[in-house]
Protein chains: 2
Amino acid sequence: MAVKFADRMENLKASEIRELLKLTEKPEVISFAGGLPAPELFPVEEMKEVAIKVLEEGGKQALQYAATEGFIPLRKAIANRMNTKFNTDVTYENILITSGSQQGLDFSGKIFLNEGDVVLCESPSYLGALNAFKAYGPKFIEVPTDENGMIMEELEKILETTENVKMIYVIPDFQNPTGRTWPVERRKKFMEIINKYEIPVLEDNPYGELRFEGEILPSLKAMDEKGLVIFLGSFSKIFCPGFRIGWVAANKEILEKYIMIKQSADLQTSTVGQREVAKFMEIYDLDAHVEKIKDVYRKRRNLMLETMKAEFPEGLKYTYPEGGLFTWVELPSNIDAKDVMAKCLENNVAFVPGGSFFPNGGKDNTFRLNYSNMTEERIVDGVKRLAKVLKEFI
Amino acid sequence: MAVKFADRMENLKASEIRELLKLTEKPEVISFAGGLPAPELFPVEEMKEVAIKVLEEGGKQALQYAATEGFIPLRKAIANRMNTKFNTDVTYENILITSGSQQGLDFSGKIFLNEGDVVLCESPSYLGALNAFKAYGPKFIEVPTDENGMIMEELEKILETTENVKMIYVIPDFQNPTGRTWPVERRKKFMEIINKYEIPVLEDNPYGELRFEGEILPSLKAMDEKGLVIFLGSFSKIFCPGFRIGWVAANKEILEKYIMIKQSADLQTSTVGQREVAKFMEIYDLDAHVEKIKDVYRKRRNLMLETMKAEFPEGLKYTYPEGGLFTWVELPSNIDAKDVMAKCLENNVAFVPGGSFFPNGGKDNTFRLNYSNMTEERIVDGVKRLAKVLKEFI
């Protein structure tokens, strides 16, 4: 066959991790690999009532085509929620409904990136975002991080000396993969720098509401004076991912580009799905639901971290996440987490090796652990198995 | 603000038609402009039962993340249906579920097109596809058509003399915008040519099942010996569009690329939406539902065409579609359909001027009429109003 694909397809390889995740699907494997929410928390009974109500109150509209921008009551509910939770000042006209926040990542690449343009990101950063951007052929520059997230002095150094920086991609709250959170001071400093250089910021915030201790921190979008911050939100972690409903919040000039791209990409997100999420928020208490999720995840985090402390070999570094879904482990530099993973699979426990989270490679001595998707019993059991394998390596 | 967008954004303009469609949304306007199915045919009651069943039988799975490829029972049902209706020979492993077939169009551009590559299409062709491809910066070459669709001698001439043809986009059944269908002989000739030049073909087939008279014609995919045809299907016109569920059917080597792109674009299509469509097909009779749709649309087509014949000024050319949603009118070459449209809006009747369906411009003396979305009474009334305006111009 003489079929020729576009050059961009060479940037994309079948994800190693996707192949690996397939191996972890056997029921006997205790998997800390994925980023799945706990399905036992999904409001299944409530959604039956919601589905009926949506079809009874406007079945014809729910099953028909609708506006690209999204269902206005849902956009309004999202704007209100953002303003309440994250201190922003947006209206529904700043909101585009997307098919999960992953779609917002892809659109951002499409809107901002020519081949060879520079994207800055935290080192490490979310693999799914890096893959979405790769289709547009950018160069990645990784900004060094510490236990408080991106290091602002390093960011400034890079901006001073780099041309063609078209976009900065960050996850300031309970970052994927590290679980780290930027303190308020660092957020302020970041926005000072951004305002100086006037570069669009993609603030990816799927986990911000899942804070186990203390107050939710103000989002970058809340400090955005020049309309440079594009906020990506999602219902996947605070409600459920099966509807694939997320959103982009941006100033109108920028949002207009996202709407145009959405129109050509898939016309609109599911009408019935949008109406169901809006209806759930109308007749149930999403805040109460989020509290339930937090209670369960807090316990799981505690248990995972306690078991790690008790069982892991001495001297390993790992993050203590204040929310979200992940912790991040650093092994001695001579150990490749992929080798550890191979051994772990033999013992029916799994995680994601960290190397893929560094767009320019390296740091193969790291790995990510998820604690949201396994029961407490399996968490203890799995961490013990993992610790046993680690002791063989160290 | 110093924000710089990607160069590709210059290829995209806010759609004229989108702006125009907004003007047609007032209830007093009789609109033949959109391509919306008749909402009174949507199976609202049935979908209540379906929604409950999906949540009762597997609520946790329905609300969770799922495989990028799609829900296997839905992929199987689609493969079976394609083989039965369109004479293909595919299995579920040839099927990727997409967010409407619009997403399949966008992915095709992403997978095949470098900037400056050539896309062949019928002249005129579906505007939404052209817009999706435009984001990847191709050149369009329009293959001349007659009342039986693409002219094969013209296609051959173009292929003989053109380099870098990366993709041929066609709608052989009840084409949007013209309503024309390619006879079997022409399909065979097309596949002969394609097999010689080995160029991927995008066969867009959202309307094929909506044939009002005679037998469904075999799809190009059914005659595809070399795995060159990529078939795009959709539930939007045979079921309802609100779920945004379509599919790509292709050979495995090509489908693997679509799966990779789907993964980075939005991970997967709505889990619950996919399960609901599959459940509807399992417990209800989609064939019977399609018959109901055809009965209604056949009457509407008849009525529209009869009224056009009785009321339109002498000598206008228009297609007599054997199925689908549209007819296509050609005015004398000195009349611009946009001027007619402006006058029509004053009289509360609307259509889509044809110029935008020609990627390289021209043919402003054409327009598209939709007959699926208006009641019989409004069809007669609207065509009369339209005829009155046309008589002022001719």
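About the criteria used
Residues numbered from 1 in each chain as written. Chains lettered and ligands numbered in written order. Predicted model: local features only at pLDDT ≥ 70, side-chain atom pairs only at ≥ 80, totals over all residues. Heavy atoms only, no water. UniProt positions renumbered as here; feature names shortened; annotations may be inferred. Core = buried A, V, L, I, M, F, W, Y, C linked by side-chain atoms within 4.5 Å. Buried < 20%, exposed > 50% of the residue type's maximum accessible area, 1.4 Å probe, protein only. Contact = heavy atoms within 4.5 Å. Least-squares fit on C-alpha atoms with pLDDT ≥ 70 in both. Helix = DSSP H or I, 4+ residues; strand = E, 2+ residues; numbered from the N terminus. Domains from an automatic or database assignment. Buried area = accessible area lost by both parts, 1.4 Å probe. Salt bridge = Lys/Arg side-chain N within 4 Å of Asp/Glu carboxyl O. Polar contact = N/O pair within 3.5 Å; in protein donor to acceptor, adjacent residues only side chain to side chain. 1 Å grid on protein atoms, 1.4 Å probe; cavity = no way out; pocket = protein on both sides within 12 Å on 5 of 7 lines; lining within 4 Å. Points joined across faces, edges and corners; volume = space filled by probe spheres on them. Pairing = 2+ DSSP bridges. Right-handed = clockwise from strand over helix to strand, strands pointing away.

Chain A goes by 2-aminoadipate transaminase in an unreviewed UniProt entry, where it is assigned to Tepidibacter formicigenes DSM 15518. In UniProt, chain A has this text filed under Subunit (unreviewed entry): "Homodimer."

Draft legend 1. The arrangement of the nonpolar core in detail. Ranked by internal contacts, the top residues of the largest apolar core, which has 157 residues, are Phe 235, Phe 312 and Leu 369 of chain A together with Phe 235, Phe 239, Phe 312 and Leu 369 of chain B. In this view, Phe 239 of chain B contacts Phe 42, Pro 43, Met 47, Val 277, Phe 280, Leu 286, His 289 and Ile 293 of chain B; residues no more than four positions away in its chain are not counted. Residues Leu 96 of chain A together with Ile 111, Tyr 169 and Leu 220 of chain B belong to the second largest nonpolar core, which totals 114 residues.

Draft legend 2. Structural context of the relation of the copies chain B and chain A. Superposing chain B onto chain A takes a rotation of 180° combined with a translation of 0.0 Å along the rotation axis, leaving an RMSD of 0.0 Å. Taken together, the rotation and translation describe the operation of a two-fold axis. The C-alpha atom lying nearest the rotation axis in chain B is that of Ala 51 of chain B; the distance is 3.3 Å. A symmetric contact is evident, with 99% of the interface residues of chain B recurring at the interface of chain A.

Draft legend 3. The arrangement of the side chain of Gln 64 of chain B in detail. Residue placement: Gln 64 of chain B occurs in the loop between α2 (44–62) and α3 (72–86). On the basis of relative accessible area, Gln 64 of chain B is assigned to the buried category, the value being 6%.

Draft legend 4. Representation of the UniProt feature "domain: Aminotransferase class I/classII large" (unreviewed entry) in chain A. In the numbering adopted here, UniProt assigns the feature "domain: Aminotransferase class I/classII large" (unreviewed entry) to residues 43–385 of chain A. Counted over residues 43–385 of chain A, helix gives 45% and strand 16%. Its end C-alpha atoms are 32 Å apart.

Draft legend 5. Highlighting the domain arrangement of chain A. Residue and element names in this part refer to chain A. Along its sequence, chain A is carved into domain 1 (13–43 + 288–393) and domain 2 (46–283). Computed from C-alpha atoms alone, the centre-to-centre distance between domain 1 and domain 2 is 25 Å. Note on domain 1 versus domain 2: buried area summed over both sides is about 2800 Å², and carbon and sulfur give 63% of it. By the criterion of area lost to domain 2, the three top residues of domain 1 are Pro 43, Glu 322 and Pro 359, representing 23% of everything that side buries. The interface formed by domain 1 and domain 2 holds two salt bridges in total. One salt bridge connects Glu 213 with Arg 301, and the closest N-O pair in it is separated by 2.4 Å. Taken together, the connections running from domain 1 to domain 2 amount to 13 residue pairs in polar contact (both at pLDDT 80 or more). Here the side of domain 1 that touches domain 2 takes seven residues from helix α10 (residues 286–311), the largest share from any one element.

Draft legend 6. Molecular detail of empty space enclosed by the protein. Residue and element names in this part refer to chain B. By the definition in use, this model includes eight cavities of 30 Å³ or more. There is about 110 Å³ of room inside the largest cavity. If you go around the largest cavity, you meet 15 residues; those closest to its centre are Phe 86, Glu 209, Ser 234, Ile 238 and Trp 247. Among the secondary structure elements, those contributing two or more residues to the lining of the largest cavity are α3 and β9 (229–234).

Draft legend 7. Spatial organisation of the pairing of strand β3 (residues 118–122) of chain B. Residues and elements named next belong to chain B. For β3, the buried fraction is high: five of the five residues fall into the buried class. Here β3 shows a buried face lined by Val 118, Leu 120 and Glu 122 and a second buried face lined by Val 119 and Cys 121. Bridging between β3 and strand β4 (residues 139–143) involves five bridges; their strand directions are parallel. When the sheet's bridge partners are listed, Leu 120 is paired in β4 with Ile 141. At this point the chain moves from β3, through helix α5 (residues 127–134), to the parallel β4, and the crossover so formed is right-handed. Where β3 lies against strand β7 (residues 165–170), four bridges are found, and the strand directions are parallel. Paired with Val 119 across the strands is Met 167, a residue of β7.

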